[in-house]
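Chain by chain, the residues run as shown.
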Number of protein chains: 2
Amino acid sequence: METVQGGLKLHGTRDSPFCARVELALKLKGVRYEYIQENLNQKSEELLRYNPIHKKVPVLVHDGQPIVESFVILEYIDETWKEPRLMPVDPHRRARIRFWADYYDKEFAPAGRGIIVQKGEEQEKAIKEFKEQLSILEQGMEEEFPLGQPFFNGETPGLLDLVICSTCRWFTVLRELVGMSLVNEETAPMIFSLVHSFMELQIAEDTLPQHEKLLAHALRMREKALNSSD
Amino acid sequence: METVQGGLKLHGTRDSPFCARVELALKLKGVRYEYIQENLNQKSEELLRYNPIHKKVPVLVHDGQPIVESFVILEYIDETWKEPRLMPVDPHRRARIRFWADYYDKEFAPAGRGIIVQKGEEQEKAIKEFKEQLSILEQGMEEEFPLGQPFFNGETPGLLDLVICSTCRWFTVLRELVGMSLVNEETAPMIFSLVHSFMELQIAEDTLPQHEKLLAHALRMREKALNSSD
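Residues numbered from 1 in each chain as written. Chains lettered and ligands numbered in written order. Predicted model: local features only at pLDDT ≥ 70, side-chain atom pairs only at ≥ 80, totals over all residues. Heavy atoms only, no water.

A. Just the UniProt feature "domain: GST C-terminal" (unreviewed entry) in chain A, in detail. Those residues carrying the UniProt feature "domain: GST C-terminal" (unreviewed entry) are residues 90-215 of chain A in this numbering. Across residues 90-215 of chain A one finds 73% helix and 0% strand; the C-alpha atoms that close the span lie 39 Å apart. (UniProt positions renumbered as here; feature names shortened; annotations may be inferred. Helix = DSSP H or I, 4+ residues; strand = E, 2+ residues; numbered from the N terminus.)

B. The arrangement of the interface of chain A and chain B in detail. Counting from both sides, the interface comprises 25 residues of chain A and, opposite them, 25 residues of chain B. Of the roughly 2,200 Å² buried between chain A and chain B, counting both surfaces, carbon and sulfur atoms make up 65%. A per-residue breakdown of the area chain A buries against chain B is headed by A:Ile53, A:His92 and A:Phe99, which together make up 25% of the total. Across the pair B:Arg94 and A:Glu79 runs a salt bridge whose closest N-O atoms are separated by 2.9 Å. Across the chain A-chain B interface, the total number found is six residue pairs in polar contact (both at pLDDT 80 or more). Counting residues per element, the side of chain A that touches chain B draws most heavily on helix α4 (residues 91-117) of chain A, which supplies twelve residues. In terms of residue class, the side of chain A that touches chain B is made up of twelve nonpolar, four polar and nine charged. (Contact = heavy atoms within 4.5 Å. Buried area = accessible area lost by both parts, 1.4 Å probe. Salt bridge = Lys/Arg side-chain N within 4 Å of Asp/Glu carboxyl O. Polar contact = N/O pair within 3.5 Å; in protein donor to acceptor, adjacent residues only side chain to side chain. Nonpolar A, V, L, I, M, F, W, Y, C, P; charged D, E, K, R; others polar.)

C. Representation of the relation of the copies chain A and chain B in the model. The two copies are related by a screw motion: chain A maps onto chain B through a turn of 180° and a shift of 0.0 Å along the axis, at an RMSD of 0.0 Å. The symmetry that links the two subunits is that of a two-fold axis. Most of the interface of chain A is mirrored in chain B, where 100% of its interface residues are also at the interface. (Least-squares fit on C-alpha atoms with pLDDT ≥ 70 in both.)

D. Examining the pattern of salt bridges more closely. Residue and element names in this part refer to chain A. Taken as a whole and judged by the stated rule, the model has 25 salt bridges over all chains. Arg 21 serves as the salt-bridge partner of Asp 105, at 2.9 Å between the closest nitrogen and oxygen. On the criterion of sequence distance, the pair formed by Asp 105 in helix α4 and Arg 21 in helix α1 (residues 17-29) is long-range, its members being 84 residues apart. Comparing Asp 105 with Arg 21 shows no difference in burial state: the two are buried. (Buried < 20%, exposed > 50% of the residue type's maximum accessible area, 1.4 Å probe, protein only.)

E. Structural view of the packing of aromatic side chains. Residues and elements named next belong to chain A. Within the structure shown, the criterion is met by 14 aromatic pairs over all chains. Ring geometry for Phe 108 versus Phe 171: centroids 6.5 Å apart, planes at 85°, classification edge-to-face. Here Phe 108, found in helix α4, pairs with Phe 171, found in helix α7 (residues 168-178); they are 63 residues apart in sequence, far enough to count as distant. By the burial criterion, Phe 108 is buried, and Phe 171 matches it. Through a chain of ring-to-ring contacts, three or more aromatic side chains come together here, namely Tyr 104, Phe 108, Phe 130 and Phe 171. A cation sits over an aromatic face here: Arg 96 above Phe 99, 5.0 Å from the ring centre. (Phe/Tyr/Trp six-rings, centres within 6.5 Å; stacked < 30°, edge-to-face > 60°. Lys NZ or Arg CZ within 6 Å of the ring centre and 35° of its normal.)

F. The environment of A:Ile136, seen in detail. Among the structural elements, A:Ile136 can be located in helix α5 (residues 120-144). Residues A:Ile136 and A:Asp15, 121 residues apart in the sequence, show an inter-C-alpha distance of 26 Å. Not counting residues within four places of it along the chain, the set of residues in contact with A:Ile136 comprises A:Trp100, A:Tyr103 and B:Ile53.

G. Inspection of the pairing of strand β2 (residues 8-12) of chain A at higher detail. Residues and elements named next belong to chain A. Counting buried residues in β2 gives four out of five residues, a clear majority hidden from the surface. The pairing of β2 with strand β5 (residues 59-62) spans four bridges and is antiparallel. Within the sheet, the bridge partner assigned to Leu 8 lies in β5 and is His 62. The pairing of β2 with strand β4 (residues 34-37) spans four bridges and is classified as parallel. Bridge pairing links Leu 10 to Tyr 35 in β4. (Pairing = 2+ DSSP bridges.)

H. Layout of the UniProt feature "domain: GST N-terminal" (unreviewed entry) in chain A. Sequence positions flagged by UniProt for "domain: GST N-terminal" (unreviewed entry) are, in local numbering, residues 6-85 of chain A. The straight-line gap between the two end C-alpha atoms of residues 6-85 of chain A is 23 Å; of that span, 38% is helix and 24% is strand.

I. Region of interest: the pairing of strand β6 (residues 65-68) of chain B. Residues and elements named next belong to chain B. Bridging between strand β5 (residues 59-62) and β6 involves four bridges; their strand directions are antiparallel. Bridging across to β6, Val 61 finds its partner in Pro 66. Where β5 folds back on β6, the antiparallel hairpin that results is connected by two residues, among which Asp 63 adopts a positive phi of roughly 55°.

J. Layout of the sheet that holds β5(A). Residue and element names in this part refer to chain A. Read across the sheet, four strands follow the order β4-β2-β5-β6 without closing on themselves; strand pairing throughout is mixed. Edge strands, defined here as strands with exactly one partner in the open sheet, are β4 and β6 (65-68). Direction aside, the axes of adjacent strands within the sheet are offset by 20° on average. (Axes fitted to C-alpha atoms, helices over the stretch in contact; angles between N-to-C directions.)

K. Structural context of the sheet that holds β5(B). All names here are of chain B. Ordered by their spatial adjacency, four strands build an open sheet running β4-β2-β5-β6, and the pairing between neighbours is mixed. Of all the strands in the sheet, just β4 (34-37) and β6 have a single pairing partner and so form its edges. With direction set aside, neighbouring strand axes in the sheet form an average angle of 20°. This element, helix α1 (residues 17-29), spans β2 (8-12), β4 and β5 of the sheet and lies at about 155° to β2.

Put into structure tokens, the structure is as follows:
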């Protein structure tokens, strides 16, 4: 592990996939960091000072300088600690990775959230939307990425792999909530295979939240959303 | 002007600041491209093929390969044609540029849009929101960027300068719509000075839409929004 001069701190929460993707990137790069657990009901003075505009986690503080927003942090990490690379060298491939990572956060992940916070007919609609988004994502991955390597990035996970895989335990939560598997070998073979490769890594086991905790978190989200909409 | 092997085409519309920032970047880099004017009421077959997911402009097609989403395109342009640089070299400075560019599109620009499409009390609220966002942006720029250079990027405009300045004629449209200047030397001296430097460039005059056209476009947006909300 490389110790970073001036110090490296990550402010985060354990349930957040946005924080998990940053932690995973730091672990892949082999740099030593201090993890600071935030309580979002009572945000630390440091968090508010470092991210006064969005007041959100994750915040990476490197040598006293804050970097915020998970994509911005991932690019920063890749530009600061070079190996193993999270992004390809070719500009066109980089553009495709950025496009799909943005798509994942803006279109795909909100569809999954819809399933958690809706019920009845609205939840049925959310499930349909999720399946459509999953199919777009899967088709995109089939067109974009070569077969025969464990990750879209190659032998080691890259930015897009981390974005997708940091949410993979949410797939299990969704299965439990709706009583059927949505992401599997039939519905999304590329994503399924990617997640399978990823879950064999020690850093995945060490970093991703446990299923029970995530399920409890999802149920709290659900209760809050359903109460506020009644 | 550098002629690009394999061809370089930009699908866009003349009213869109997202397209303008890409055109401005290409002109700064001195690369020759073909501009393809899209009609968003009747999108071309090429646009739908090149951007099947979002179906939006701008789309840059380089050597037959499409790149979509304006930030992704700007980073692509900067990685493909190196000089003059749109982004600094230092990773922390790059992160700050990406943060503010994202903030501009996600928080600041929608506040401006709110002024156009609302009336009465709702418009008053939108103006208040816009002023608050402008003050956050101005303060951020004061803290982040050195004084004494014409652009945040230095002697030539960079990614964040292009993002801000591609919308600058909308400021004049807003002034006309609400009957008062919102962005000026008193309310936002850094932004005002930046826009002033930018408007002295020939590429600004050549690329940005004329005021009358933009105003007509804003009035159409306004009419459509107010009719649909009645």
